[in-house]
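# Survey of secondary and tertiary structure
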Amino acid sequence: MIRVAVVGAGGLGGPITLGLVHAGFEVTVFDGDTVDISNLHRQLQFCDADLGRNKAMALRDWAGATHAHASHWVADNADDVCGDVDLIVDASDSAATKFAVNDWATRTGRPFVIAAALGVAGSVMLGAPSFACYRCWFEAPPGEADSCADAGVLGPILGQVAAIAVDGATALARGDRRTAGTLWTCADLSIEPHHVRQRPLAARADCPACRTSPMPPGQIPLLLAKAHHASH
Ligand SMILES: [Zn+2]
């Protein structure tokens, strides 16, 4: 069975975990937070009876996930707690965690998915060895990043982002690399008629995360050709 780690059991982690469980994957969920009443409007996996419970544990029970860790995912012990997973999905509300997941997955040669939603927009980055990574796209975490708790998030955006993330994770986990290295963005229909877009990117030659080892022969022309084609 394919093993997947989901980092974060909130508004994105809930539907992403449910989708991956139903796709037949063995899912391990990480979250150190407890369910608060302010979460219930957008974290549809929780109800009044879950208030005060650890989110990872409550989500495991709701979605039928295999394992849950009642602590936040951190890179320091990732090799120990999820070193056997085939793919990792970031569904956290932390920019620093997204970069940490990217760096760990890139270093250990795993495919990964990084999902984000804030306000009325969201994004999903799909990664795999030899393709552009999250740092190729965004370089470094912003100094002062808003969170959903501070800035809010539109509930339906979470569903859009989660659907793309599950679709992408399923393809990557099964070895499909056609969407690897791409960034998907979506936004509320009222402000963005073409609300889902996919953009490819060539891996940056100087990326500190994914270009610390030589590229396989023939990989650079292939990636550049993909990016050039997509820009027209
Ligand atoms: Zn990179």
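Just above sits the structure.
These numbers come from a predicted model, not from an experiment.

Time to look at the overall build of the chain. When helices and strands are tallied, the chain shows eight helices and eight strands. Sorting the 232 residues of the chain into buried and exposed places 45% on the buried side. The contacts of the chain with a sequence gap of at least 6 include a subset with a gap of at least 24, amounting to 67%.

As a further point, take helix H7 (residues 155–173). Helix length check: H7 (19 residues) gives 27 Å between terminal C-alpha atoms against 27 Å at 1.5 Å per residue, within 8%. For H7, the complete set of buried residues consists of Ile-157, Leu-158, Gln-160, Val-161, Ala-162, Ile-164, Ala-165, Val-166, Gly-168, Ala-169, Leu-172 and Ala-173. Where H7 is buried, its residues touch strand S1 (3–7), helix H1 (13–22), strand S4 (87–90), strand S5 (112–118), strand S6 (121–127) and strand S7 (183–187). One or two steps after H7, the chain reaches Gly-175, where phi turns positive at roughly 95 degrees.

In terms of nonpolar packing, the biggest core is built from 69 residues, with Val-4, Val-89, Ala-115, Val-161 and Ala-165 touching the most fellow members. Here this core gets ten residues from one element, more than from any other, and that element is H7. Once residues lying within four places of it in the same chain are set aside, the contact partners of Val-161 are Leu-12, Ala-115, Ala-117, Gly-122, Val-124 and Cys-186.

For a regular strand, the rule is simple: side chains alternate between the two faces of the sheet. Burial runs high along S7: four of the five residues are buried. Here five bridges tie S6 to S7, and the two strands are oriented antiparallel to one another. Within S7, the position partnered with Ala-121 by the bridge is Ala-187. Here S7 runs beside strand S8 (residues 196–199); their pairing, made up of four bridges, is antiparallel. Bridge assignment links Trp-184 to a residue of S8, and that residue is Gln-198.

Let's shift gears to the sheet that holds strand S3 (residues 67–69). Across the sheet, eight strands lie side by side as S3-S2-S1-S4-S5-S6-S7-S8; this open sheet has mixed pairing. A single partner strand is all that each edge strand has here, and the edge strands are S3 and S8. When strand polarity is set aside, the average angle formed by the axes of neighbouring strands in this sheet is 15 degrees. Of the pairings in the sheet, the one linking strand S2 (residues 26–30) to S3 comprises three bridges and is parallel in character.

Rules behind the numbers
- Residues numbered from 1 in each chain as written.
- Predicted model: local features only at pLDDT ≥ 70, side-chain atom pairs only at ≥ 80, totals over all residues.
- Helix = DSSP H or I, 4+ residues; strand = E, 2+ residues; numbered from the N terminus.
- Buried ≥ 20, exposed ≤ 12 C-beta atoms within 10 Å, placed from the backbone.
- Contact = placed C-beta atoms within 7 Å.
- Expected span 1.5 Å × (residues − 1).
- Core = buried A, V, L, I, M, F, W, Y, C linked by C-beta atoms within 7 Å.
- Pairing = 2+ DSSP bridges.
- Axes fitted to C-alpha atoms, helices over the stretch in contact; angles between N-to-C directions.

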